[in-house]
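# Residue-level structure breakdown
Each chain, written out:
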Amino acid sequence: MGIEEYGGGQGPQADVLVVTTNDAPGYRVEQVIGEVFGLTVRSRHLGSQIGAGLKSMVGGELKGLTKTLVQTRNQAMERLIEQARARGANGVLAFRFDVTEAADAGTEVCAYGTAVVLARE
C-alpha cells in the first residue's frame with residue numbers, strides 16, 4: 001500500500017476550504033452559516049476482524065483496519081463538504097473528527113465544523 005492510501009484531506013484546488021483552526025489566515029469571515037457535519041458508520045468485515053485478532057497477538061500495525069478508517073474519515077469529510085457547499089459556504093472552520101463505537105455494530109465517524117463564507121483579504 002502506498003502513502004496515498006493512508007492519508008486524506010483536500011487537494012490544492014478545493015472549492016470549500018476546510019481548516020482545523022478558528023480562522024483562516026489571508027481570509028476574513030463574511031458570514032457564519034453554522035454547524036455542518038458528515039457522518040458515516042462502517043462495520044468491520046469478518047476477515048479483517050480475524051486478521052486484527054491474530055495481529056494483536058504478535059503486535060504491529062493493523063493495516064487493513066487503518067485503510068478502512070482512512071476511507072471512512074475521507075467519506076465523512078466529503079459529506080461535510082457537500083453539506084457546507086449545499087448551504088452556500090466556501091469554508092469550514094474548527095474542523096474536527098469524532099470517532100465512536102456504534103452499538104457494537106461498527107465504527108461511527110463524524111466530521112464536523114462551522115460553515116462560513118470566506119473572502120480573501
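This is a predicted model, so every value here is computed, not measured.

Within the protein, the secondary structure is distributed over two helices and four strands. Element order for the protein, N to C, with α for helix and β for strand: β-β-α-α-β-β. Put simply, the protein has 121 residues, and 30% of those count as buried. Contacts spanning at least 24 positions in sequence make up 76% of the contacts within the protein whose residues lie at least 6 apart. Summing over all exposed atoms, the protein offers an accessible surface of approximately 7600 Å²; the carbon and sulfur share of this is 52%.

Right, let's get into the nonpolar core. Side chains that are nonpolar tend, in soluble globular proteins, to be buried together. If you look at the biggest cluster of nonpolar residues, it comprises 16 residues, and the most contacted ones within it are Val18, Leu80, Ala84 and Val92. When residues of this core are traced back to their parent elements, those giving at least two are β2 (27–42), α2 (63–86), β3 (91–102) and β4 (106–120). Counting residues per element, this core draws most heavily on α2, which supplies five residues. Beyond its immediate sequence surroundings of up to four residues, Val92 is in contact with Val16, Leu17, Val18, Val19, Val36, Leu80, Ala84, Gly113, Thr114, Ala115 and Val116. Listed in part, the five residues of the second largest apolar core include Val19, Ala24, Val116 and Leu118.

Two strands in a sheet stick together by hydrogen bonds in their backbones, pointing the same way (parallel) or opposite ways (antiparallel). Across the sheet, which stays open at both edges, the four strands sit in the order β1-β3-β4-β2 with mixed pairing between neighbours. Either end of the sheet is taken by a strand with one partner, and the two such strands are β1 (17–18) and β2. Against the sheet, α2 contacts β1, β2, β3 and β4, and its axis sits at roughly 135° relative to β2.

Before going further, it helps to spend a moment on the side chain of Thr72. If you trace the backbone, Thr72 turns up in helix α2. Here the side chain of Thr72 touches Thr68 through a polar contact of 2.7 Å, landing on its backbone oxygen. If we skip the residues at most four places from it in the chain, Thr72 touches Thr40, Arg42 and Val109.

It is worth spelling out the side chain of Thr107 at this point. Position of Thr107 among the secondary structure elements: in strand β4. The buried category is assigned to Thr107, whose relative accessible area is 14%. Of note is the side chain of Thr107, whose polar atom sits 3.4 Å from the side chain of Glu101.

Attention shifts here to unusual backbone geometry. Positioned with a positive phi, Ala94 is a non-glycine residue whose angle comes to about 55°. With respect to the helices and strands, the residue Ala94 is situated in strand β3.

According to the stated counting rule, one finds two salt bridges in the structure shown. Between Arg85 and Asp15 there is a salt bridge, with the nearest N and O atoms lying 2.9 Å from each other. Separated by 70 residues along the polypeptide, Arg85 in helix α2 and Asp15 in the segment before β1 bring together distant segments of the chain. Under the relative-accessibility criterion, Arg85 is labelled partly exposed at 40%. A salt bridge links Arg28 to Glu30; the shortest N-O distance between them is 3.2 Å. Given the relative accessible area of 40%, Arg28 is considered partly exposed.

The rules we used
- Throughout this document, residue positions are counted from 1 along each chain, in the order its sequence is written.
- Reporting of local features is limited, given that this is a predicted model, to residues whose pLDDT is at least 70; pairs of side-chain atoms are given and counted only at 80 or more, and all residues count toward the totals for whole chains, interfaces and linings.
- Hydrogens and waters are ignored; side-chain quantities use all the structure's heavy atoms.
- Secondary structure elements follow DSSP: runs of H or I no shorter than four residues count as helices, runs of E no shorter than two count as strands, and numbering proceeds from the N terminus.
- Note on classification: 1.4 Å probe, protein chains only; a residue is buried when its accessible area is under 20% of the maximum for its type, exposed when over 50%, partly exposed between these limits.
- Contacts are assigned to residue pairs with any non-hydrogen atoms lying within 4.5 Å of each other.
- Residue burial considers only the protein chains on display, and all accessible areas are found by Shrake-Rupley using a 1.4 Å probe.
- Here, the term nonpolar core denotes a set of buried Ala, Val, Leu, Ile, Met, Phe, Trp, Tyr and Cys residues that are joined through side-chain atoms within 4.5 Å.
- Only when DSSP finds a minimum of two bridges between them are two strands counted as paired.
- Fitting a line to C-alpha atoms yields each axis, with helices limited to the stretch in contact; the angle taken between N-to-C directions then spans 0 to 180 degrees.
- Identification of polar contacts relies on pairs of N or O atoms within 3.5 Å, with a donor-acceptor requirement for protein atoms, meaning one able to donate a hydrogen and the other able to accept it, and with residues adjacent in sequence counted only if both atoms are side-chain atoms.
- Any Lys or Arg side-chain nitrogen found within 4 Å of a carboxyl oxygen on Asp or Glu counts as a salt bridge.

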